[in-house]
Amino acid sequence: MENLQNQEKKLDKNKKIKINFKDSKYATGRRKRSIAKVWLKKGSGKIYVNGKMMNDYFKRPVHQIIVTRPLQVSNVLSNYDVKCSVKGGGLSGQAGAIIHGLSRALVYFDENLKKVLKKEKLTTRDSRVVERKKYGHRKARRSFQFSKR
């Protein structure tokens, strides 16, 4: 009996939420290998990532703080609803991609926020990516252990 209840709870958590985002602004954000499609509209401050609430998708508080940063910096945390579709990379890269897309969408909504967001360096894409592995090396820069004899 308990197993059935647990399975029903898991199904409820995995259920994607369908949201109407007509009349919204769209922007794309990128970070490392992640790409985020972000839709922004006037609302009550709810953030959905891949059909789930942000708190359910990003469990770590650090990622939750990172995602809401553009809204906090521009003092519009409870004025907009956000819907994101993110793919690729890990959670940190996805959070960074959402920041980039969200700040671009905010600028599309209100041009006056551009100065504030640019000052915090949120509108620029973070171009740091993983360095490629070179031949004759164990990693990108780390060599194999040197043996004298």
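First, a word on what this report is: a plain description of the structure on this page. (Residues numbered from 1 in each chain as written. Predicted model: local features only at pLDDT ≥ 70, side-chain atom pairs only at ≥ 80, totals over all residues. Heavy atoms only, no water.)

## A closer look at the packing of aromatic side chains
Then, number 1: One pass over the full model with this rule turns up three aromatic pairs.
Then, number 2: Judged by centre distance (5.2 Å) and plane angle (45°), the ring pair of Y26 and W39 falls under tilted. Of this pair, Y26 sits in strand β1 (residues 25–31) while W39 sits in strand β2 (residues 34–42); the two residues are 13 residues apart in sequence, bridging distant segments of the chain.
Then, number 3: Taking relative accessible area as the criterion, W39 reaches 23% and is therefore assigned partly exposed.
Then, number 4: Pairing Y57 with F58 gives two aromatic rings, centres 5.1 Å apart and planes at 85°, and the pair type is edge-to-face.
Then, number 5: When the ring centre of W39 is taken as reference, the NZ or CZ atom of K83 above it lies at 4.8 Å. (Phe/Tyr/Trp six-rings, centres within 6.5 Å; stacked < 30°, edge-to-face > 60°. Helix = DSSP H or I, 4+ residues; strand = E, 2+ residues; numbered from the N terminus. Buried < 20%, exposed > 50% of the residue type's maximum accessible area, 1.4 Å probe, protein only. Lys NZ or Arg CZ within 6 Å of the ring centre and 35° of its normal.)

## Quick notes on the packing of helix α3 (residues 61–73) against helix α4 (residues 91–109)
Then, number 1: Two elements in contact, α3 and α4, have axes separated by 8 Å at closest approach and are oriented at 10°. Of the possible angle classes, the one that applies to α3 and α4 is roughly parallel. Only L91, S92, A95, I98, I99, L102, S103 and L106 of α4 make contact with α3, whose side of the interface consists of H63, I66, V67, P70 and L71. (Axes fitted to C-alpha atoms, helices over the stretch in contact; angles between N-to-C directions. Parallel < 35°, antiparallel > 145°, perpendicular 65-115°, else oblique. Contact = heavy atoms within 4.5 Å.)

## Focus: the sheet that holds strand β5 (residues 80–87)
Then, number 1: One open sheet accounts for five strands, arranged β1-β2-β5-β3-β4; its pairing is mixed. Unpaired on one side and paired on the other, β1 and β4 (52–53) mark the two borders of the sheet.
Then, number 2: Sheet topology note: the strand β3 (residues 47–49)/β5 ladder contains three bridges and is parallel. Residue pairing for β5: Y48 is matched across the bridge by K83. (Pairing = 2+ DSSP bridges.)

## Details of the environment of R141
Then, number 1: Counting through the fold element by element, R141 comes out in the segment after α5 (113–119).
Then, number 2: For the pair formed by R141 and E131, sequence separation is 10 residues and the distance between their alpha carbons is 8.8 Å.
Then, number 3: Reaching out from R141, the side chain makes a polar contact with the side chain of E131 at a distance of 3.1 Å. (Polar contact = N/O pair within 3.5 Å; in protein donor to acceptor, adjacent residues only side chain to side chain.)

## Concerning the nonpolar core
Then, number 1: Counting 27 residues, the largest nonpolar core has V49, F58, V82, I98 and L106 as the members making the most contacts within it.
Then, number 2: Elements with a contribution of two residues or more to this core: β2, β3, α2 (54–57), α3, β5, α4 and α5.
Then, number 3: The dominant element in this core, judged by the number of residues it contributes, is α4, at eight residues.
Then, number 4: Those residues in contact with I98 that lie beyond four places of it in its chain are A36, V38, V49, F58, V67, C84 and V86. (Core = buried A, V, L, I, M, F, W, Y, C linked by side-chain atoms within 4.5 Å.)

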